[in-house]
Amino acid sequence: MSDAAALPGQPRGLVVSGPATARAVNVLAPNPSAMTLDGTNTWLLSEPGSDLAVVVDPGPLDETHLRHVIETAEKLGKRVALTLLTHGHPDHAEGAGLFAELTGTAVRALDPALRLGDEGLGAGDVVSVGGLEVRVVPTPGHTSDSLSFHLPADRAVLTGDTILGRGTTMVAHPDGRLGDYLDSLRRLRSLTVDDGVHTVLPGHGPVLEDAQGAVEFYLAHRASRLAQVETAVENGHRTPSEVVAHVYADVDRSLWPAAELSVQAQLEYLRGRGLV
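### Some thoughts on the packing of helix H5 (residues 211-234) against helix H7 (residues 256-272)
1) Next: At a minimum axis separation of 10 Å, H5 and H7 run at an interaxial angle of 80°. The pairing of H5 with H7 is recorded here as roughly perpendicular in orientation. Residues Arg222, Arg225, Leu226, Val229, Glu230 and Val233 of H5 touch H7, and the partners they reach there are Ser262, Gln266, Leu267, Tyr269 and Leu270.
2) Next: In terms of residue class, the contact of H5 with H7 is built from six nonpolar, two polar and three charged.

This is how it looks when you write it as structure tokens:
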């Protein structure tokens, strides 16, 4: 068994439904896979003592899961008052429409196509519900519409797929852009340095106790992969499939098609800087 304290970001352990911080409760969706890890973490946020809650990423279109989220809130004496989305991938957002019907809530997101109601979300927005304060942090890169949500009172940040609780994040061409992603990681690092954020509440995988360590690991991983891709190209591996076979030889072959999309994003980044 690995010592969690020795792993990047100091993962808390098993991924389970239940309280993660004073203001955040996880309701794990039943959609585990190689890409979603243990499943999607649907986050139920509320200020202690308040009877109102905010749900972040209702998850897949699974009515049993969506009703379980509502029941979890009700058992805590809460009513869901608002739904937020970190981004539009189906494992996070496909259930949002039905969840909005079940709860009578608006859905706020960066992408207008995902919104239900008049208000969206953007950089610098602060969402306030029942005394809870959620600050919106734009973190594009994994997708163009990716957002993170800063919970200053818990010194925590919900990162969607920008930082995972285990492994690393896919930045897949064409929507994923590596330059934007690296900027987003640096933005999250500034939260750990300037705002005292120490806990990552990810979209998949366990809670991370060392937010700064997680960000530094991600930045180092990206720099290492970019160097490997650059070297592969210099050695004559020109196409994404050739680069994947050379650089990702240790990765399960079933994931190689997704890795090719990641390599395309990396090649685009390197070409834009005249490095390949």
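### Details of the side chain of arginine 23
1) Next: The residue arginine 23 is located in the loop between strand E1 (18-19) and strand E2 (24-28) in this model.
2) Next: The exposure class assigned to arginine 23 is buried, which follows from its relative accessible area of 15%.
3) Next: A polar atom in the side chain of arginine 23 sits 2.7 Å from the side chain of aspartate 154.
4) Next: Those residues in contact with arginine 23, other than ones at most four positions away along the chain, are Leu44, Leu45, Ser46, Glu47, Pro48, Leu132, Ala153 and Asp154.

### Structural notes on the sheet that holds strand E10 (residues 156-160)
Pairing between the strands of a sheet is mediated by backbone hydrogen bonds and can be parallel or antiparallel.
1) Next: The mixed open sheet is built from five strands, whose spatial order is E7-E8-E9-E10-E11. Lying at the two open borders of the sheet, with one neighbouring strand each, are strand E7 (126-129) and strand E11 (199-202). Taken over all neighbouring pairs, the strand axes of this sheet differ in orientation by 25° on average, direction set aside.
2) Next: Direction of pairing for E10 relative to E11: parallel, over a ladder of four bridges. Pairing of valine 157 across the sheet is with valine 200, part of E11.
3) Next: Together, strand E8 (132-138), strand E9 (147-151) and E10 form the strand contacts of helix H4 (residues 178-194), whose direction differs from that of E8 by roughly 145°.

Cut-offs and rules
- Residues numbered from 1 in each chain as written.
- Predicted model: local features only at pLDDT ≥ 70, side-chain atom pairs only at ≥ 80, totals over all residues.
- Heavy atoms only, no water.
- Axes fitted to C-alpha atoms, helices over the stretch in contact; angles between N-to-C directions.
- Helix = DSSP H or I, 4+ residues; strand = E, 2+ residues; numbered from the N terminus.
- Parallel < 35°, antiparallel > 145°, perpendicular 65-115°, else oblique.
- Contact = heavy atoms within 4.5 Å.
- Nonpolar A, V, L, I, M, F, W, Y, C, P; charged D, E, K, R; others polar.
- Buried < 20%, exposed > 50% of the residue type's maximum accessible area, 1.4 Å probe, protein only.
- Polar contact = N/O pair within 3.5 Å; in protein donor to acceptor, adjacent residues only side chain to side chain.
- Pairing = 2+ DSSP bridges.

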